[in-house]
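Observations on the three-dimensional arrangement
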Amino acid sequence: MSLKDIKEKLFPIIKVISIVAIATAIGLEIWDIQALTTNNHLPIILNPVLIIARLALSAHFVEGIIAARYAPAKNHQPIQYGIYTFFVGTIGLLELFENHSQIPDLSKKLESKP
(Lines give C-alpha, C1' and ligand atoms only; values in the text may rest on other atoms or scores of the structure.)
Protein backbone atom coordinates (compact mmCIF):
# COMPACT_ATOMS: atom_id res chain seq x y z
CA MET A 1 0.00 0.00 0.00
CA SER A 2 1.60 3.25 -1.13
CA LEU A 3 1.41 6.64 0.52
CA LYS A 4 -1.02 7.81 -2.15
CA ASP A 5 -3.36 4.88 -1.39
CA ILE A 6 -3.19 5.63 2.31
CA LYS A 7 -4.04 9.27 1.69
CA GLU A 8 -6.96 8.40 -0.57
CA LYS A 9 -8.44 5.85 1.86
CA LEU A 10 -7.62 7.19 5.31
CA PHE A 11 -7.83 10.97 4.93
CA PRO A 12 -11.62 11.03 4.34
CA ILE A 13 -12.20 8.77 7.34
CA ILE A 14 -9.93 10.87 9.55
CA LYS A 15 -11.67 14.04 8.38
CA VAL A 16 -15.11 12.73 9.36
CA ILE A 17 -13.86 11.53 12.75
CA SER A 18 -12.13 14.85 13.35
CA ILE A 19 -15.20 16.91 12.48
CA VAL A 20 -17.37 14.83 14.81
CA ALA A 21 -14.79 14.98 17.61
CA ILE A 22 -14.31 18.75 17.37
CA ALA A 23 -18.06 19.36 17.23
CA THR A 24 -18.44 17.16 20.31
CA ALA A 25 -15.66 19.04 22.09
CA ILE A 26 -17.39 22.35 21.32
CA GLY A 27 -20.65 20.91 22.65
CA LEU A 28 -18.94 19.74 25.85
CA GLU A 29 -17.41 23.18 26.34
CA ILE A 30 -20.80 24.85 25.88
CA TRP A 31 -22.33 22.38 28.34
CA ASP A 32 -19.56 23.11 30.86
CA ILE A 33 -20.01 26.88 30.50
CA GLN A 34 -23.78 26.51 30.90
CA ALA A 35 -23.30 24.35 33.98
CA LEU A 36 -20.93 26.87 35.54
CA THR A 37 -23.29 29.79 34.92
CA THR A 38 -26.18 27.94 36.57
CA ASN A 39 -24.08 26.73 39.53
CA ASN A 40 -24.33 23.10 38.44
CA HIS A 41 -21.52 20.65 37.87
CA LEU A 42 -20.83 18.17 35.13
CA PRO A 43 -20.33 14.56 36.17
CA ILE A 44 -16.82 14.11 37.55
CA ILE A 45 -16.13 11.36 35.04
CA LEU A 46 -16.15 13.99 32.29
CA ASN A 47 -13.19 15.93 33.72
CA PRO A 48 -10.53 13.93 31.80
CA VAL A 49 -12.66 14.17 28.66
CA LEU A 50 -12.91 17.94 29.07
CA ILE A 51 -9.14 18.23 29.46
CA ILE A 52 -8.56 16.27 26.26
CA ALA A 53 -11.27 18.28 24.49
CA ARG A 54 -9.64 21.55 25.51
CA LEU A 55 -6.25 20.37 24.29
CA ALA A 56 -7.75 19.29 20.96
CA LEU A 57 -9.64 22.56 20.54
CA SER A 58 -6.49 24.55 21.32
CA ALA A 59 -4.39 22.56 18.85
CA HIS A 60 -7.02 22.83 16.12
CA PHE A 61 -7.38 26.56 16.80
CA VAL A 62 -3.64 27.09 16.28
CA GLU A 63 -3.75 24.98 13.11
CA GLY A 64 -6.68 27.06 11.86
CA ILE A 65 -4.73 30.27 12.45
CA ILE A 66 -1.71 28.87 10.60
CA ALA A 67 -3.92 27.80 7.69
CA ALA A 68 -5.63 31.20 7.54
CA ARG A 69 -2.24 32.91 7.51
CA TYR A 70 -0.84 30.85 4.62
CA ALA A 71 -4.04 30.30 2.61
CA PRO A 72 -3.70 33.41 0.39
CA ALA A 73 -0.27 32.22 -0.78
CA LYS A 74 -1.93 29.01 -2.02
CA ASN A 75 -4.91 30.81 -3.64
CA HIS A 76 -7.45 29.94 -0.93
CA GLN A 77 -9.79 32.17 1.06
CA PRO A 78 -8.17 32.69 4.50
CA ILE A 79 -11.27 32.57 6.72
CA GLN A 80 -12.84 29.68 4.85
CA TYR A 81 -9.67 27.58 4.85
CA GLY A 82 -8.92 28.46 8.48
CA ILE A 83 -12.35 27.19 9.56
CA TYR A 84 -11.94 24.08 7.40
CA THR A 85 -8.55 23.37 8.98
CA PHE A 86 -9.95 24.02 12.46
CA PHE A 87 -12.44 21.21 11.95
CA VAL A 88 -10.27 18.68 10.07
CA GLY A 89 -6.99 19.42 11.85
CA THR A 90 -3.55 18.57 10.57
CA ILE A 91 -4.91 17.07 7.37
CA GLY A 92 -6.09 20.53 6.35
CA LEU A 93 -2.56 21.84 6.79
CA LEU A 94 -1.12 18.90 4.87
CA GLU A 95 -3.52 19.62 2.00
CA LEU A 96 -2.65 23.31 2.09
CA PHE A 97 1.10 22.78 1.92
CA GLU A 98 0.96 19.91 -0.55
CA ASN A 99 2.27 21.19 -3.85
CA HIS A 100 1.81 18.94 -6.86
CA SER A 101 3.49 21.33 -9.27
CA GLN A 102 6.90 20.97 -7.60
CA ILE A 103 6.88 17.16 -7.66
CA PRO A 104 7.34 15.89 -11.19
CA ASP A 105 5.43 12.80 -12.17
CA LEU A 106 8.19 10.46 -13.32
CA SER A 107 5.82 7.82 -14.66
CA LYS A 108 4.52 10.25 -17.31
CA LYS A 109 8.04 11.23 -18.30
CA LEU A 110 9.09 7.60 -18.65
CA GLU A 111 6.06 6.76 -20.80
CA SER A 112 6.74 9.60 -23.20
CA LYS A 113 10.36 8.56 -23.83
CA PRO A 114 10.93 6.14 -26.73
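Below is a short write-up of the structure. (Residues numbered from 1 in each chain as written. Predicted model: local features only at pLDDT ≥ 70, side-chain atom pairs only at ≥ 80, totals over all residues. Heavy atoms only, no water.)

**Considering the pattern of salt bridges**
Pairing between side chains becomes possible if they bear opposite charge and their charged atoms approach one another. What counts is decided by this rule: What makes a salt bridge here is a side-chain nitrogen of Lys or Arg within 4 Å of a carboxyl oxygen of Asp or Glu, nothing more. Where helices and strands are cited, they refer to DSSP runs of H or I of at least four residues and of E of at least two residues respectively, numbered from the N terminus. Burial classification: accessible surface area is computed with a 1.4 Å probe over protein chains only, and a residue below 20% of its type maximum counts as buried, one above 50% as exposed, and the rest as partly exposed.
As enumerated under the stated definition, the model contains four salt bridges in all. Here Glu 95 ties to Lys 15 by a salt bridge, and the two come within 2.6 Å at their closest N and O atoms. Of this pair, Glu 95 sits in helix α4 (residues 90-97) while Lys 15 sits in helix α1 (residues 3-37), and the two are 80 residues apart along the sequence. On the basis of relative accessibility, which here comes to 26%, the residue Glu 95 falls in the partly exposed class. Because the salt bridges share partners, they merge into one network encompassing Glu 29, Asp 32 and Arg 54.

**Concerning unusual backbone geometry**
Even without glycine at this site, Asn 39 takes up a positive phi of about 60°. For Asn 39, the location among the structural elements is in the loop between α1 and α2 (47-70). Given a relative accessible area of 68%, Asn 39 falls into the exposed group. You will see that Asn 75, though not glycine, has its phi angle at about 60°, which is positive. Tracing the backbone shows Asn 75 in the loop between α2 and α3 (78-88).

In short, shape yes, function no, at least from these values alone.
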